[in-house]
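What follows is each chain in one-letter form.
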Amino acid sequence: MSEDTANGVRNSASHNVKENSRIIRVGTRKSQLAQTQTGSVVNMLKEQYPHAQLEVVAMTTTGDKILDTALSKIGEKSLFTKELETALEKNEVDLVVHSLKDLPTTLPPGFTVGAICKREIPYDAVVVHPSNAGKTLDMLAERSVIGTSSLRRAAQLKRRFPHLAFKDIRGNLNTRLKKLDEKDDFSAIVLAAAGLRRMGWENRISQILEPEDCMYAVSQGALGVEVRVNDPDILEMVSALNDTETVLRCIAERSFMKQLEGGCSVPIAVHSVINENQLYLTGAVYSLDGSDSLKDTMQTSVSTQTQDEDCSVADVQHVGITAKRIPHNSQAAAEKLGMDLANLLLSKGAKDILTVARQLNDSR
């Protein structure tokens, strides 16, 4: 966002917020990571709007309560968001901070993602048991057990590291690290590197998994700010946090998943990059054991320059995202890229792979 445009956004939103003497309530999950992430968003808002009064409201979600079942088996699309969205609907909070990968590609009516902050690295990370300090996955002994509740990670890693075994592990970041360290059930676990870095726990990372080994989840590493569509002051306010490249990449990734009708119950993975105004999206689908897969890459032209609002398209949503002042044509191109790549894989048989994966997962 250009400095003049950013100043205009800040002045307009700051004026409205200050004039209303409004306390802005920010919803979040209760986990330490969620509150740390929300704290970073609150700090960014305070930098933009020094006079704003911000109050954090933490709550427990369904996904936080159900800890004895793999995420892919629960079947609820809004595991980590439903209670937060209920509070948003009831005006108990004014905005909600999410890990964007937790948000379904179709949001309930009346809600939108009003901002996506600059992405942390989206890759997965390997954290080993203390007895395996310094080792990477290819160095672990035959049949070593790796903990992950992600079908996407397990499918790719079974294919790449066939000598390893994989087992579900649930719980928040702290809980999973405790299960790894205090028992001998797992030789290592696989987590999103972004969470570890945000918590300041980079020293636990033994290996970063590059896309050649394990492509990441849709929107992994990005924080999304969900707001009510009918609250223009808050939508305007949070729009100052948008990072153009992150927004365009996440629109493409979410569009890819939506067209495939994917979720956490099927193994879908992506990798995206913007280079010289070209957005490249690689997407893949896998069987549960990783033996069958389809993968391809497509690209489209985008502009990462911010622009003044065109009122006719200012509030158009792209896969649940309303990104003000980011070129509408680029957002539309990113969304089309995701759809086109999904359709390419579907034309090659992706639906059959995903249908079998979903049926096998349901029968486990």
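This text follows the structure it describes.
Residues numbered from 1 in each chain as written. Predicted model: local features only at pLDDT ≥ 70, side-chain atom pairs only at ≥ 80, totals over all residues. Heavy atoms only, no water.

Draft legend 1. Structural detail: the overall build of the protein. Counting its regular elements, the protein contains 12 helices and 13 strands. Pairs at least 24 apart in sequence give 74% of the contacts found in the protein among residues at least 6 apart. Split by element, the accessible area of the protein, about 15600 Å² in all, is 45% carbon and sulfur. (Helix = DSSP H or I, 4+ residues; strand = E, 2+ residues; numbered from the N terminus. Contact = heavy atoms within 4.5 Å. Areas by Shrake-Rupley, 256 points an atom, 1.4 Å probe, with all protein chains shown as cover.)

Draft legend 2. Structural context of the pairing of strand β11 (residues 268–275). Pairing geometry for β11 and strand β12 (residues 278–286), over eight bridges, is antiparallel. Looking at β12, one finds that Val270 is bridged to Gly283. Between the end of β11 and the start of β12, which pair antiparallel, lie two residues, with Glu276 showing a positive phi angle near 50°. (Pairing = 2+ DSSP bridges.)

Draft legend 3. Just the sheet that holds strand β9 (residues 207–209), in detail. Pairing in this open sheet of five strands is mixed, and the strands run β7-β6-β8-β5-β9 from one edge to the other. Here the strands that pair on one side only, and so sit at the sheet edges, are β7 (165–167) and β9. Taken over all neighbouring pairs, the strand axes of this sheet differ in orientation by 30° on average, direction set aside. Where strand β5 (residues 124–128) and strand β8 (residues 188–192) come together, five bridges link them in antiparallel fashion. What sits directly across from Ala125, in β8, is Leu191. Sheet strands touched by helix α6 (residues 151–160): β5, β7, β8 and β9. Its angle to β8, the strand with the most contacts, is close to 125°. Each of β5 and β8 touches helix α7 (residues 173–182); the most contacted strand, β8, lies at about 165° to it. (Axes fitted to C-alpha atoms, helices over the stretch in contact; angles between N-to-C directions.)

Draft legend 4. Structural detail: the pattern of salt bridges. As enumerated under the stated definition, the model contains 14 salt bridges in all. Glu120 serves as the salt-bridge partner of Arg197, at 2.8 Å between the closest nitrogen and oxygen. A residue pair is termed long-range when its members are at least 10 positions apart, and Arg197 in helix α8 (residues 193–198) and Glu120 in the loop between β4 (111–116) and β5 qualify at 77 residues. Using a relative accessible area of 34% as the deciding quantity, one classes Arg197 as partly exposed. Its salt-bridge partner being Glu236, residue Lys324 comes within 3.8 Å of it at the nearest N-O pair. Taken as a pair, Lys324 in the loop between β13 (293–301) and α11 (328–347) and Glu236 in helix α9 (residues 232–238) lie far apart in primary sequence, 88 residues in all. By the burial criterion, Lys324 is buried, and Glu236 matches it. Connected via shared salt-bridge partners are Arg25, Asp94, Arg228 and Asp231. (Salt bridge = Lys/Arg side-chain N within 4 Å of Asp/Glu carboxyl O. Buried < 20%, exposed > 50% of the residue type's maximum accessible area, 1.4 Å probe, protein only.)

Draft legend 5. How the structure looks around the sheet that holds strand β3 (residues 95–99). Here we have five strands laid out as an open sheet, ordered β2-β1-β3-β10-β4, and mixed in their pairing. Each edge of the open sheet carries a strand with a single partner, namely β2 (53–59) and β4. The mean inter-strand angle of the sheet, taken between neighbouring strand axes irrespective of direction, is 30°. Relative to strand β10 (residues 223–228), β4 runs antiparallel, the two being bridged by five bridges. Along β10, the bridge assignment pairs Ala115 with Val225. Against the sheet, helix α2 (residues 32–48) touches β1 (23–29), β2, β3 and β10, its axis set at about 155° to β1.

Draft legend 6. Quick look at α2. The end-to-end C-alpha separation of α2 is 25 Å, in line with the 24 Å expected for 17 residues at 1.5 Å each. Those residues of α2 that sit buried are Leu33, Ala34, Gln37, Thr38, Val41, Val42 and Leu45. (Expected span 1.5 Å × (residues − 1).)

Draft legend 7. Focus on unusual backbone geometry. Despite not being glycine, Arg143 has its phi angle at roughly 65°, a positive value. Residue Arg143 is classed as exposed on the basis of its relative accessible area, which comes to 55%. Not every positive phi belongs to a glycine, and Glu276 is a case in point at roughly 50°. By the element assignment, Glu276 lies in the loop between β11 and β12.

Draft legend 8. Up close: helix α10 (residues 244–260). Relative to the 24 Å expected for 17 residues at 1.5 Å per residue, α10 spans 25 Å between its end C-alpha atoms, a close match to the ideal helical length. Most of α10 sits out of view: 14 of its 17 residues are buried. Immediately beyond the C-terminal end of α10, within one or two residues, lies Glu261, with a positive phi of roughly 55°.

Draft legend 9. Up close: the nonpolar core. By size, the foremost hydrophobic cluster in this structure holds 37 residues, and its most contacted members are Ile116, Phe256, Leu260 and Val285. Looking at this core, the elements with two or more residues in it are β4, α10, β11, β12, α11 and α12 (350–363). Looking at which element gives the most residues to this core, the answer is α10, with eight residues. In this view, Ile116 contacts Leu100, Ala222, Leu223, Leu241, Asn242, Asp243, Thr246, Val247, Cys250 and Ile321; residues no more than four positions away in its chain are not counted. (Core = buried A, V, L, I, M, F, W, Y, C linked by side-chain atoms within 4.5 Å.)

Draft legend 10. Inspection of the packing of α10 against α11 at higher detail. Put simply, α10 and α11 touch, their axes get as near as 7 Å, and they point 35° apart. Of the two elements, α10 crosses α11, and the hand of that crossing is right-handed. Contact with α10, carried on its side by Leu248, Ile251, Ala252, Ser255, Phe256, Gln259 and Leu260, involves Ser330, Gln331, Ala334, Glu335, Leu337, Gly338, Met339, Leu341, Ala342, Asn343, Leu345 and Leu346 of α11 and no other residues of that element. Looking at side-chain class alone, the contact of α10 with α11 contains 12 nonpolar, six polar and one charged residues. (Left-handed = near helix turned anticlockwise from the far one by under 90°. Nonpolar A, V, L, I, M, F, W, Y, C, P; charged D, E, K, R; others polar.)

Draft legend 11. Expanded view of the side chain of Arg254. Structurally, Arg254 is set in helix α10. Salt bridges are absent for the buried Arg254, whose nearest opposite-charge side chain, Glu226, sits at 8.2 Å. A distance of 3.0 Å separates a polar side-chain atom of Arg254 from the backbone oxygen of Leu103. When sequence neighbours within four positions are dropped, the list of residues in contact with Arg254 reads Leu100, Leu103, Pro104, Thr105, Leu107, Val218, Ser219, Val319, Gly320 and Ile321. (Lys, Arg positive; Asp, Glu negative; His and termini not counted. Polar contact = N/O pair within 3.5 Å; in protein donor to acceptor, adjacent residues only side chain to side chain.)

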